[in-house]
Amino acid sequence: KTFNIRVNKTGTSNSEQLVFILAELDKESAYLGEQITLTYKLYKDVNTTISGIEQFQMPDFNGFWVEEIFTPQRLQYQKQNVIFKGIEYQVANLGQRALFPISSEKHIIPSVKLKTQIDIKRKKNSRDPFFDPFFDSFFNKTQTKYLKSDEKFITIKPFPDPRPDNFFGAVGSFKIHSEIDQEEVVINEGFTFKISLKGTGNLGLFTLPEIKFPNGLDAFPPNDSFKKDAFRNEITGSQELEYVLVPRKEGNFKIPSVQISYFNLKTKTWSQI
């Protein structure tokens with residue numbers, strides 16, 4: 001078998017291969033409300049020295065709800081080097097974000113720019129009578145290099161039909177629980193009704209449905225608490241609504257259940273809680 005190899009006169013410049021930024025995504029298509037994990041990474045050839053670098057700034061992500069996962073305090077390279085297109089690189093994480101697509105005309109991961117200073121050694125002829133390795137550092141020069149990542153486009157996938165009436169935008173995996181602090185009270189004596197929603201997904205991007213309490217039971221606006229955490233790069237957390245309810249007459253009161261549907265990313269179907 002014969003092979004034809006085409007050799008170009010010029011190619012990618014060495015400086016472009018030495019240092020660059022990549023925007024790495026865990027997925028390039030998602031449902032509205034589904035988490036996309038974005039990591040901006042700096043790749044540096046192992047034989048290249050960066051003598052200066054500007055502070056990295058995250059761009060504005062129009063069309064996304066953004067949650068912080070990781071922001072480095074200083075530039076730190078991973079212990080393990082990476083082979084990329086046949087070249088060995090040191091890799092540093094410039095920052096990581098969880099992006100949740102919201103309704104928008106476009107969903108674009110914007111390019112970012114970074115100004116760096118790269119040390120380039122000037123080659124000296126060892127046969128030069130004035131050549132001395134001790135003074136080799138004096139023959140280094142610094143080159144200013146502007147790094148820019150490529151834009152990336154996110155494709156939004158449609159939800160399956162039919163869409164449940166009690167779907168309020170929840171995408172992920174969730175559980176719901178409610179409780180009261182006492183089951184017998186006197187007139188005008190308040191008690192607490194609490195709803196807890198826990199899970200993984202787009203917490204904070206949807207609200208629980210309004211509860212219609214029975215007549216004769218006054219409800220004060222609830223205290224709303226929200227906790228979140230990035231667990232294994234997934235946004236997890238809980239939302240808690242705490243109502244103070246006051247009965248204004250005697251009798252038995254039935255507090256209705258709270259039901260919502262969410263889009264289950266594991267099964268790609270609708271689930272109800």
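Here, the structure is the one placed above.
Our focus in this paragraph is the overall build of the chain. Looking only at helices and strands, the chain has 1 helix and 19 strands in total. Within the span of the chain, comprising 273 residues, buried residues form 34% of the whole. Once local pairs closer than 6 in sequence are excluded, the contacts in the chain between residues at least 24 apart make up 72%.

Moving on to the packing of aromatic side chains. Applying the stated criterion across every chain, the model contains 19 aromatic pairs. Their ring planes at 65 degrees and their centres at 5.2 Å tell us that phenylalanine 159 and phenylalanine 263 sit as a pair that is edge-to-face. Pair noted here: phenylalanine 159 is in the loop between β12 (155-157) and β13 (167-180) and phenylalanine 263 is in strand β18 (residues 261-264), with a separation of 104 residues, a long-range link. In this pair, the class of phenylalanine 159 matches that of phenylalanine 263, namely buried. A ring pair is formed by phenylalanine 193 and phenylalanine 213, whose centres lie 6.0 Å apart and whose planes are at 90 degrees; its orientation type is edge-to-face. On the criterion of sequence distance, the pair formed by phenylalanine 193 in strand β14 (residues 191-201) and phenylalanine 213 in the loop between β14 and β15 (217-219) is long-range, its members being 20 residues apart. Among the residues examined, phenylalanine 193 registers a relative accessible area of 4% and is labelled buried. Looking at phenylalanine 213, the relative accessible area reads 17%, which means it is buried. A network of ring pairs unites the aromatic residues Tyr31, Phe159, Phe167, Phe263 and Trp270 as a single cluster.

So, about the pattern of salt bridges. The tally for this structure, following the rule as stated, stands at 7 salt bridges. Between lysine 41 and glutamate 24 there is a salt bridge, and its shortest N-O distance comes to 3.1 Å. In this pair, lysine 41 sits in strand β3 (residues 36-45) while glutamate 24 sits in strand β1 (residues 19-25), placing the two residues 17 residues apart along the sequence. As a salt-bridge pair, arginine 248 and aspartate 218 come within 2.8 Å of each other at their nearest N and O atoms. Here the residue arginine 248 occupies a position in the loop between β17 (234-247) and β18, and aspartate 218 occupies one in strand β15, the gap between them amounting to 30 residues. Classification of arginine 248 as partly exposed rests on a relative accessible area of 40%. On the basis of relative accessible area, aspartate 218 is assigned to the partly exposed category, the value being 35%.

This part covers the environment of proline 72. Examined against the element boundaries, proline 72 turns out to sit in the loop between β5 (64-70) and β6 (82-84). By relative accessible area, proline 72 is classed as partly exposed at 23%. Residues proline 72 and alanine 92, spaced 20 residues apart in sequence, show a C-alpha to C-alpha distance of 9.4 Å. Not counting residues up to four positions away in its chain, the partners in contact with proline 72 are Asn93, Leu94 and Gly95.

As paired strands, β13 and β18 are joined by 3 bridges and run parallel to one another. Bridging across to β18, glycine 172 finds its partner in asparagine 264. Pairing between β13 and β14: 9 bridges, direction antiparallel. Along β14, the bridge assignment pairs serine 178 with isoleucine 195.

In this chain, aspartate 161 is followed by proline 162 through a cis amide linkage whose omega measures 0 degrees. Position of proline 162 relative to the elements: it lies in the loop between β12 and β13. The backbone phi angle of lysine 268 is positive, close to 60 degrees, even though this residue is not glycine. As for its position among the elements, lysine 268 is in the loop between β18 and β19 (269-272).

The next subject is the environment of isoleucine 255. In this structure, isoleucine 255 sits in the loop between β17 and β18. Between the alpha carbons of isoleucine 255 and isoleucine 180 there is a distance of 9.8 Å; along the sequence they are 75 residues apart. Beyond its immediate chain neighbours, meaning those up to four positions away, isoleucine 255 contacts Ile180, Phe191, Phe193, Phe213, Leu217 and Leu245.

Calculation criteria
Residues numbered from 1 in each chain as written. Predicted model: local features only at pLDDT ≥ 70, side-chain atom pairs only at ≥ 80, totals over all residues. Heavy atoms only, no water. Helix = DSSP H or I, 4+ residues; strand = E, 2+ residues; numbered from the N terminus. Buried < 20%, exposed > 50% of the residue type's maximum accessible area, 1.4 Å probe, protein only. Contact = heavy atoms within 4.5 Å. Phe/Tyr/Trp six-rings, centres within 6.5 Å; stacked < 30°, edge-to-face > 60°. Salt bridge = Lys/Arg side-chain N within 4 Å of Asp/Glu carboxyl O. Pairing = 2+ DSSP bridges.

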